[in-house]
Amino acid sequence: MRGGERQVWDVVVVGAGPAGASAAYAAAVAGRRVLLLEKAELPRYKTCGGGIIGPSRDALPPGFELPLKDRVHAVTFSLGGRFTRTRRSKQMLFGLVDRPEFDQRLVEHAQQAGAELRTGTTVLRVEQHGAAVPDRRTVAVVLQGGETLLARAVVGADGSASRIGAHVGVKPDQVDLGLEAEIPVPETVAEDWRGRVFIDWGPMPGSYGWVFPKGDTLTVGVISARGEGAATKRYLEEFIGRLGLAGFEPSISSGHLTRCRADDSPLSRGRVLVCGDAAGLLEPWTREGISYALRSGRLAGEWAVRIAEAPDAVETRRQALNYAFAIKSGLGVEMAVGKRMLAVFARRPGLFHAALTGFRPAWRAFKEITQGATSLGEIVRTHPVAQRALTVLDRQMAESAASGAKDPVSPRP
C-alpha cells in the first residue's frame, strides 16, 4: 500500500460460526486477503444439539478432525412420551460435538488457510454507497466504536438475528423457539445414554424434543413454533422430568430463535452475500442448521472471491445470481421438501412415529439421510412410493383446509 491508502480486504466475513468459518476458509484457501469478524470471544457457547450428520461431515475442510463426544448407533423414539421404541444401526448414524470446541476448530482451519481473525468486534452495518465508500467496487463495514473497514466483498454469517441479513433483505416465513439445557450427570447415568439419542414428538404442532449425550453431559432440548413460549418451556420441563433428569442441575440453560427463509427471500445485495442462519438456511422440519451452514458458507466464500474480482456492477450481479442458483438448486430443493414434511408432521406426528418405528424402508431412509448417503429431496425425487405418499398427504391436507374439516386423527402405533 502506498502512503495514505487504506487497506482494502478482498473478503470480510461477519460471524465466526460454522457458516462464517467455512466462508473464510474457502476464500482464504483461494489465496485472497480475508478478515473474519466475531462479536464474541472464542470459544463461545451456542444453543445447538451439536449433531454432525453426513452432509456436515462431507462439507468440512480437508484434514479436519471432528472432536466427537459420542458416536450415535441407536435412536429411541417416543410420541408424547408413549409408544417408545429404540432402533439400532451397525454403522454410525451421526456424531455429537460440543459447539464451542467444534466452532473453534473450524476458525483455526480458516486461520491456517490465511484468514485473519478479530474477536470482540461488533458490526453495526454495511454501506455500499455514500461518503464512507471510495468507489463502486468497495463495501464499507462499520464497526461499533466508529472504525470502518473496506472490502471488495462481504459475507454475512452473523446468525439468525443478522444485521447483514437485514441489509440484504432476508425475510423469514417460519420462526421457531428452541430451548435447551446442558445437564451434567453421574457416570452411571451417562453410561445408559452412551451411543444413543432420544427423540420425542411433542405436544404442539411441529414440536419435538431431543437428548444428545456428550460424555458426562446430556444436551436436552425442545423446539416449537414461536408464539408458544410458555408451552415450549413447559414441554421442556415435563420432558426432563419424564426422563428422570429433574434432579440434576443444568450447567447452562438457553434459548434461541431459528428463522427459515421465505422462498423469494434474497441471498445477496450488491457485493454482499449471506449464508447459514443469516440467510435463513436450515432444514425446516428438523431445524437442523449445521450442515446448511457449512455448505452455504463454503459456497458463499467461493462466490465472494468471484465478486471481489468483479470489475463492475454487471459482473457483480451475474456472480451474485450464480451464487443464488447454487444455493437454491441444492439446499433450496431440500428445504422445499422439508417444508412439506413439516406441514404433514405438524398435523400427523403419529404417522411419522409409526413409520420410523415400524416401517423398515422409513428407518432405512432415516439412516441413509443421517449418514449422508442421500437427502430428503433425493428420496422424494427418486423413490416413487415416497413421492406418491407425500403427494397424497399434501392433497388430503389441502382438501381438509379447503373444507374447514377437522384434521384426521393421527394413527397411533
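An unreviewed UniProt entry lists the protein under the name Geranylgeranyl reductase family protein, with Streptomyces thermogriseus given as the organism.

This part covers the sheet that holds strand β16 (residues 252–261). The strand order across the open sheet built from seven strands is β6-β5-β13-β14-β15-β12-β16, with neighbouring strands paired in mixed fashion. Every interior strand has two partners, whereas the edge strands, β6 (82–88) and β16, have only one. Strand after strand, the sheet turns through a mean of 20° between neighbouring axes, direction not considered. Two elements, strand β13 (residues 196–201) and strand β14 (residues 208–214), share four bridges in a ladder whose sense is antiparallel. Residue pairing in the sheet places F198 in a bridge with V211 of β14. Contacts from helix α10 (residues 360–371) reach β5 (74–79) and β6, with the element oriented near 125° to β5.

Interaxial distance between helix α1 (residues 18–29) and helix α7 (residues 290–309) falls to 7 Å at its minimum, and their mutual angle equals 35°. Considering how the two elements wind past one another, α1 and α7 form a crossing that is right-handed. Residues P18, A19, S22, A23, A26 and A27 of α1 touch α7, and the partners they reach there are A293, L294, G297, R298, G301, E302 and V305. For the contact of α1 with α7, the per-class residue count stands at eight nonpolar, three polar and two charged.

Another point: unusual backbone geometry. In the segment running from L42 into P43, the intervening peptide bond is cis, with an omega of -5°. Structurally, P43 is set in the loop between β2 (34–37) and β3 (51–52). In this structure, F83 is a non-glycine residue whose phi angle is positive, near 55°. Along the polypeptide, F83 turns up in strand β6. Residue F83 is classed as partly exposed on the basis of its relative accessible area, which comes to 32%. The phi dihedral of R287 is positive, around 65°, even though this residue is not glycine. Within the element layout of this structure, R287 appears in the loop between β18 (272–274) and α7. With relative accessibility at 9%, the residue R287 sits in the buried group.

This paragraph deals with the confidence of the model for the protein. Residues of the protein with pLDDT of at least 70 account for 92%, and the chain-wide mean is 92. Across residues 405–413, confidence stays below pLDDT 50; counting only partners more than four residues off in sequence or on other chains, it has 19 contacts.

Let us now look at the nonpolar core. Membership of the largest hydrophobic core comes to 67 residues, with the highest contact counts inside it found for V12, F102, V141, V154 and Y323. With 11 residues, α7 is the single largest residue contributor to this core. Residues in contact with V12, not counting those within four places in the same chain, are L35, L37, V141, A151, A153, V154 and V155. Core analysis: the second largest hydrophobic core is formed by 27 residues, L79, V344, F345 and W363 among them.

Moving on, we come to the pairing of β2. Residues V34 and L36 line one face of β2 and the alternating positions L35 and L37 line the opposite face, and both faces are buried. With four bridges joining them, strand β1 (residues 8–14) and β2 adopt parallel strand pairing. Across the sheet, the residue bridging to V11 is V34, located in β2. Here three bridges tie β2 to strand β8 (residues 116–118), and the two strands are oriented parallel to one another. Within β8, the position partnered with L37 by the bridge is R118.

The subject of this paragraph is the pattern of salt bridges. Inspection of the entire model under this criterion finds 21 salt bridges. Here E101 ties to R105 by a salt bridge, and the two come within 3.3 Å at their closest N and O atoms. With a gap of four residues between them, E101 and R105 both fall in helix α3 (residues 99–112), about one helical turn apart. A residue is classified by how much of its surface remains accessible, and R105, at 30% relative accessible area, is partly exposed. In this structure, the salt-bridge partner of R287 is D176, at a minimum N-O distance of 3.2 Å. Here R287 is found in the loop between β18 and α7, whereas its partner D176 is found in strand β12 (residues 172–184), with 111 residues between them in sequence. Among the charged side chains, a network of salt bridges with common partners joins R44, R99 and D103.

Conventions and cut-offs
- Residues numbered from 1 in each chain as written.
- Predicted model: local features only at pLDDT ≥ 70, side-chain atom pairs only at ≥ 80, totals over all residues.
- Heavy atoms only, no water.
- Pairing = 2+ DSSP bridges.
- Helix = DSSP H or I, 4+ residues; strand = E, 2+ residues; numbered from the N terminus.
- Axes fitted to C-alpha atoms, helices over the stretch in contact; angles between N-to-C directions.
- Contact = heavy atoms within 4.5 Å.
- Left-handed = near helix turned anticlockwise from the far one by under 90°.
- Nonpolar A, V, L, I, M, F, W, Y, C, P; charged D, E, K, R; others polar.
- Buried < 20%, exposed > 50% of the residue type's maximum accessible area, 1.4 Å probe, protein only.
- pLDDT = per-residue confidence, 0-100.
- Core = buried A, V, L, I, M, F, W, Y, C linked by side-chain atoms within 4.5 Å.
- Salt bridge = Lys/Arg side-chain N within 4 Å of Asp/Glu carboxyl O.

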